[in-house]
Amino acid sequence: MSFASFSDFLAMGHHGLYVWSAYGICLAVLAINVAAPLLARRRYLQEEARRLRREKNQ
Amino acid sequence: MKISWTWFHKLGSPKWFYAISGRLLPWLTLCAVALLLVGMTWGLAFAPQDYQQGNSFRIIYIHVPAAMLAQSCYVMLAVVGVVGLVWKMKIADVALQCAAPIGAWMTAVALLTGAIWGKPTWGSWWVWDARLTSMLILLFLYFGIIALGQAISNRDSAGKACAVLAIVGVVNIPIIKYSVEWWNTLHQGATFTLTEKPAMPAEMWLPLLLTALGFYCFFGAVLLLRMRLEVLKREARASWVRDEVLNCLGRETTR
C-alpha cells in the first residue's frame, strides 16, 4: 500500500479530483458499453415475442 | 502442401460464429473483470507514486490501455474491411459495424482521461499537439464510419463504403504511433515497446499490463455481445435463429 491512510488514498496528494474523475469517466463508459448491447438484446427479444404473439392470433 | 481452409470458411458462417462466441463469452467476461479489478486496485492503491508527477500518474492505468485499444480496434476495422471486400464474408461487416462504436468510446476515454491528466502535468487541458490532434482525427474517423453505416440503407453498399473508409483511414494509425517521435511534442513516448524493457519499475508497469489485457478482454466480450445480437437480427429468417430466439424467450419467461 503506498498510502498511509484511507483519507490519503482519497486525496491522492492534491490530485484526487483529477484521478477520481478520470477513473469515474472511464468506468461510466465501460458500464455504458456493457449495458447498451444487453438492453438492445432485451428490447429485440421483446419485439420478437410481440410479433410471434400477433402471428399466432391471426 | 495443402492447407485446410475449412476453418476460415466456417468463420464466415453466422451460425458457427454464434455457437463458438457463446462458448467464448463467459471466459472473456471473467478475464476482463478479474484483470481490470486487480489491475486498477493495484495501480490506484499499491503502485508507488511517480517522483515527478506524484499521484496524477495513476491515470496511466486507464489512459494508455484505452488509447492502445482505440488504435488496435481501428486496425481491426481495416482488417475485417479487407476480409469483407475480398472474401465477401457476412460476419466481417457485422464485426466492422459492431466494433466501430466501441472504438469511438475508447478514443473518447483516451482523450478525456488525457485531458484530465494534462491539466496537473502540463498545466493545460488541451494542446494542439501532434499526438492529441491525430487522436482527435481518429475519433472523427470512427464517427465517419458509424454515420456512413447508418446513412446507407442497403446493407451491402453500406458494408463496402465503411470497409473502404476503414482501410483508407488506417494511414492515421502510424501517424499517431510515431507522432511523438516525428514532431516536438509535450506527450511522453511509448511506455511499452516489444523490444525493450519498460523504463519504470515492475510494480509500476505490471498493473498497466494487467489493465491493458483487461481492456482487450473487455473489448472482446462487448464486441461479441453486440455481434451476436446483430447476427440474430440479420439472419432472422434462418431456422436456427428462430429456434434460438424461441429458446431465449422461453428462458426469459420461465425466469
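Structure: see above.
Residues numbered from 1 in each chain as written. Chains lettered and ligands numbered in written order. Predicted model: local features only at pLDDT ≥ 70, side-chain atom pairs only at ≥ 80, totals over all residues.

Participant: What am I meant to see in the overall build of chain B here?
Facilitator: In terms of helices and strands, chain B carries nine helices and zero strands. Starting at the N terminus, the α and β elements of chain B follow one another as α-α-α-α-α-α-α-α-α. C-alpha extents for chain B along the principal axes are approximately 60 × 45 × 40 Å. A sequence separation of at least 24 residues applies to 78% of the contacts in chain B between residues at least 6 apart. (Helix = DSSP H or I, 4+ residues; strand = E, 2+ residues; numbered from the N terminus. Contact = placed C-beta atoms within 7 Å.)

Participant: Quick question: what am I supposed to make of the interface of chain A and chain B here?
Facilitator: Many structure descriptions define interface size as the accessible area lost when the parts assemble. On the side of chain B, 33 residues touch chain A, which itself brings 26 residues to the contact. With 19 residues, helix 2 (residues 16–57) of chain A is the largest single contributor of residues to the side of chain A that touches chain B. Looking at the side of chain A that touches chain B residue by residue, the class counts come to 19 nonpolar, five polar and two charged. (Nonpolar A, V, L, I, M, F, W, Y, C, P; charged D, E, K, R; others polar.)

Participant: Can you help me understand the environment of Gln97(B) in this one?
Facilitator: Residue and element names in this part refer to chain B. Tracing the chain through its elements places Gln97 in helix 4 (residues 90–122). Separated by 122 residues in the primary sequence, Gln97 and Phe219 place their C-alpha atoms 14 Å from one another. What Gln97 contacts, discounting residues up to four positions off in sequence, is Gly149 and Glu230.

Participant: Is there a simple way to explain the nonpolar core in this structure?
Facilitator: Inside soluble globular proteins, nonpolar side chains tend to come together where they are buried. Within the largest apolar cluster, 70 residues are counted, with the highest numbers of intra-cluster contacts made by Ala66(B) and Leu96(B). Counting residues per element, this core draws most heavily on helix 4 of chain B, which supplies 17 residues. Those residues in contact with Ala66(B) that sit more than four places away from it in its chain are Cys26(A), Met106(B), Val109(B), Ala110(B), Thr113(B) and Phe215(B). (Core = buried A, V, L, I, M, F, W, Y, C linked by C-beta atoms within 7 Å. Buried ≥ 20, exposed ≤ 12 C-beta atoms within 10 Å, placed from the backbone.)

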